[in-house]
Amino acid sequence: MHVTVFRAYDVRGVYGTDLTEQLVKRVGESFGSYAEGGSVSLGRDTRISGPSLQKAFLDGVLSTGCQVNSFGIIPIAIISFITWKEELKAAAYISASHNPPEYNGVRFRTCDGYGLLYQESSIMKYYREGGFLAGQGIKTDRDPGEAIERYREYVQGKLNLKRPLKLVLDMGNGAACTMASFYQQLGFNPLILNGTTDGLFPGRGPAPNEESLRPACQMLKKKEADFGVGFDPDADRGIVIDDKGAVLPPEKVAIIITRARYKPGDLVISGFDCSMILERELEKDGIKVLRERVGDVFVANRVKNSKAVLGVERSGHFFLPEFQYSDDPFAMSLALAEIVSSGEKLSDLAGMIPDYPYKQMSVHLNEDPAAVMLRLADSLAFFEPDTTDGLKITTESYSVLIRPSNTEPIIRLYIETTRGDMKELEEQYKKIIHQAMKA
């Protein structure tokens, strides 16, 4: 079994080596058997290997007797919405999210549109043991434009813009390229960057971050736009740029939206690697913050099951259940637009929230991450770390999180401090990690 491609919350690997059509067809057979011959939806991002893998997956699903609504290139947030609204059994999506072009994978959604914990479902049982259901499925080709229009009509009823806004939208050559008219028809003036679909992501690469979004920041300042958003290939992440061209941490965006839209007593779910600024700011407003292990699927399930008003991950996933349970950067951008349209500048709102120096580093491994983490647990036992997801040490002045990646053979180190001791903390904890590796 190709164990390496089965990540914590999706199937992902390098196309042609880790991830092949044969493997993906078997994943499709497993997914179709899980869906018990019901109606499902299927889409993909713009990766070069997408059409071939989508066909292999589709062949597998159809062989189990499922009715497949096949959309082609479409944002995963839109296919999640359609799956929920049409009461389909589940959804699958061909993508490797923010990974480089040579990667691809399969992601799963529940009947309610949010991330499916497939490791806990019968999908893995079928993949390992076989015994797939057999039938003659039916494929129906669906128009992504019609799905987007249906979503637009839905969100328009939830939107109250006080004035037209100018937005810079960096589509990243991915599935978000299909959304330009969505913003135009809602009354925005969208300025589009990297708006042509291209699975090599030549514009700025697949990952929207402070460095890759520099051209978007420059355009925003030049055109005096209200704010901007950069999307990843499957368009489940949104990284926000304020009116001064500064890339905002997702935690600040979450605080701004929560303060404007929600009330004391409400609950926010935060990814385990998010800044401690969430608790320090929102709890002053009577809003509770609970942490969940890193991974959009885990945060999505926690938001749904705990009836939270918002979920956020440091990587740019936003969950606003008032729109839908799926991570949805378009809903996030609309909620933010409503706030900004009332007259306040996003840079002013962000400036009211303190900045804590935060650094994320990666340490590449040549051995089993679990073995290294066990040694680290022993060496850091004195600090009594929180083990919800990796090892997290929190003091009055800093926090450190050490955890294995869910998608790559690396250990991630996250450090946040309220004092000017970032360099010392970085050296201290990197040394501890390297000692654990040598051991």
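Conventions and cut-offs
- Residues numbered from 1 in each chain as written.
- Predicted model: local features only at pLDDT ≥ 70, side-chain atom pairs only at ≥ 80, totals over all residues.
- Heavy atoms only, no water.
- 1 Å grid on protein atoms, 1.4 Å probe; cavity = no way out; pocket = protein on both sides within 12 Å on 5 of 7 lines; lining within 4 Å.
- Points joined across faces, edges and corners; volume = space filled by probe spheres on them.
- Helix = DSSP H or I, 4+ residues; strand = E, 2+ residues; numbered from the N terminus.
- Nonpolar A, V, L, I, M, F, W, Y, C, P; charged D, E, K, R; others polar.
- Domains from an automatic or database assignment.
- Salt bridge = Lys/Arg side-chain N within 4 Å of Asp/Glu carboxyl O.
- Buried < 20%, exposed > 50% of the residue type's maximum accessible area, 1.4 Å probe, protein only.
- Contact = heavy atoms within 4.5 Å.
- Buried area = accessible area lost by both parts, 1.4 Å probe.
- Polar contact = N/O pair within 3.5 Å; in protein donor to acceptor, adjacent residues only side chain to side chain.
- UniProt positions renumbered as here; feature names shortened; annotations may be inferred.
- Pairing = 2+ DSSP bridges.
- Axes fitted to C-alpha atoms, helices over the stretch in contact; angles between N-to-C directions.
- Core = buried A, V, L, I, M, F, W, Y, C linked by side-chain atoms within 4.5 Å.
- Parallel < 35°, antiparallel > 145°, perpendicular 65-115°, else oblique.
- Left-handed = near helix turned anticlockwise from the far one by under 90°.

Colleague: Would you mind going over empty space enclosed by the protein in detail, with residue names and values included?
Modeller: Under the definition given, this model contains one cavity of 30 Å³ or more. If you add up the space inside the largest cavity, you get close to 40 Å³. Lining the largest cavity we find Phe 272, Asp 273, Cys 274, Tyr 358, Lys 392, Ser 399, Val 400, Leu 401, Tyr 414 and Glu 416. Elements with a contribution of two residues or more to the lining of the largest cavity: strand 17 (398-404) and strand 18 (410-417). Among the elements that make up the lining of the largest cavity, the one with the highest residue count is strand 17 (three residues). Among the residues forming the lining of the largest cavity, the class breakdown is six nonpolar, one polar and three charged. Looking at which domains feed residues into the lining of the largest cavity, each of domain 2 (148-352) and domain 3 (358-437) supplies at least three.

Colleague: So, the pattern of salt bridges: which residues are in play, and what are the values?
Modeller: Tallying each qualifying case throughout the model produces 32 salt bridges. The salt bridge involving Lys 55 is made with Asp 59; its shortest N-O contact spans 3.1 Å. Taken together, the positions of Lys 55 and Asp 59, both in helix 2 (residues 50-62) and four residues apart, correspond to about one turn of that helix. Assessed through its relative accessible area of 32%, Asp 59 is described here as partly exposed. As a salt-bridge pair, Arg 152 and Glu 149 come within 2.7 Å of each other at their nearest N and O atoms. With Arg 152 and Glu 149 both in helix 5 (residues 144-156), this residue pair falls three residues apart, about one helical turn. Here the salt bridges share partners, and the residues they tie into one network are Asp 10, Arg 12, Arg 107, Asp 234, Asp 236 and Asp 296.

Colleague: Give a description of the domain arrangement of the chain that names residues and reports values.
Modeller: Its domain assignment divides the chain into domain 1 (10-142), domain 2 (148-352) and domain 3 (358-437). Counting residues at the interface gives 11 residues for domain 2 and 16 residues for domain 3. In total, about 1,100 Å² of surface goes out of reach between domain 2 and domain 3, with carbon and sulfur atoms giving 55% of it. If you look at where domain 2 meets domain 3, you find zero salt bridges. Our enumeration of links across domain 2 and domain 3 arrives at six residue pairs in polar contact (both at pLDDT 80 or more). Taken together, the residues of the side of domain 2 that touches domain 3 sort by class into five nonpolar, one polar and five charged.

Colleague: Describe in detail the UniProt feature "domain: Alpha-D-phosphohexomutase alpha/beta/alpha" (unreviewed entry) in the chain, supporting the description with residues and values.
Modeller: Taking the numbering used here, the UniProt-annotated feature "domain: Alpha-D-phosphohexomutase alpha/beta/alpha" (unreviewed entry) corresponds to residues 5-125, 149-245 and 251-353. Annotated as residues 5-125, this span is 34% helix and 24% strand, and its ends, taken at the C-alpha atoms, are 16 Å apart. Spanning residues 251-353, this segment combines 46% helix with 15% strand, and its end C-alpha atoms are found 10 Å apart.

Colleague: If you had to explain the sheet that holds strand 5 (residues 103-109) to someone new, which residues and values would you point to?
Modeller: The strand order 1-5-4-2-3-6 describes an open sheet built from six strands, whose pairing is mixed. Every interior strand has two partners, whereas the edge strands, strand 1 (11-14) and strand 6 (138-141), have only one. The average undirected angle you get between the axes of adjacent strands in this sheet is 15 degrees. Pairing of strand 4 (residues 90-94) with strand 5 involves four bridges; the strand directions are antiparallel.

Colleague: With reference to specific residues and values, describe the nonpolar core.
Modeller: Ranked by size, the top nonpolar core spans 65 residues in total, and within it Phe 182, Phe 227 and Ile 257 carry the most contacts. Among the elements that make up this core, the one with the highest residue count is helix 11 (residues 329-341) (nine residues). Looking at which domains feed residues into this core, each of domain 1 (10-142) and domain 2 (148-352) supplies at least three. Excluding its chain neighbours within four sequence positions, the residues that come into contact with Ile 257 are Tyr 262, Leu 310, Leu 320, Met 332, Ala 335, Leu 336 and Ile 339.

Colleague: I'd like a rundown of helix 10 (residues 296-306), residues and numbers included.
Modeller: All of the buried residues in helix 10 are Asp 296, Val 297, Phe 298, Val 299, Ala 300, Asn 301 and Val 303. In this fold, the buried residues of helix 10 make contact with strand 5, strand 11 (267-271), strand 12 (288-292), strand 13 (310-312) and strand 14 (318-319). Lys 307 lies just past helix 10 and shows a positive phi near 60 degrees.

Colleague: Residue-level account of the layout of surface pockets, with values.
Modeller: Its boundaries defined by the atoms lining it, the largest pocket holds a volume of some 1,000 Å³. Around the largest pocket sit 40 residues that line it, and His 98, Arg 237, Arg 314, Ser 315 and Gln 360 are the ones nearest its centre. The element best represented in the lining of the largest pocket is strand 15 (residues 358-364), accounting for five residues. A breakdown of the residues in the lining of the largest pocket according to their chemical character gives 14 nonpolar, 13 polar and 13 charged.

Colleague: Hey, could you go over the packing of helix 13 (residues 369-379) against helix 14 (residues 422-438) for me, with residue numbers and the actual values?
Modeller: Packing of helix 13 against helix 14 brings their axes to within 9 Å, and their N-to-C directions diverge by 125 degrees. Put simply, helix 13 runs oblique to helix 14. Helix 13 and helix 14 meet at a crossing whose hand is right-handed. Taken together, the residues of helix 14 that come into contact with helix 13 (itself represented by Val 372, Arg 375, Leu 376 and Ser 379) are Ile 432, Ile 433, Ala 436 and Met 437. Residue composition of the contact of helix 13 with helix 14, grouped by class: six nonpolar, one polar and one charged.

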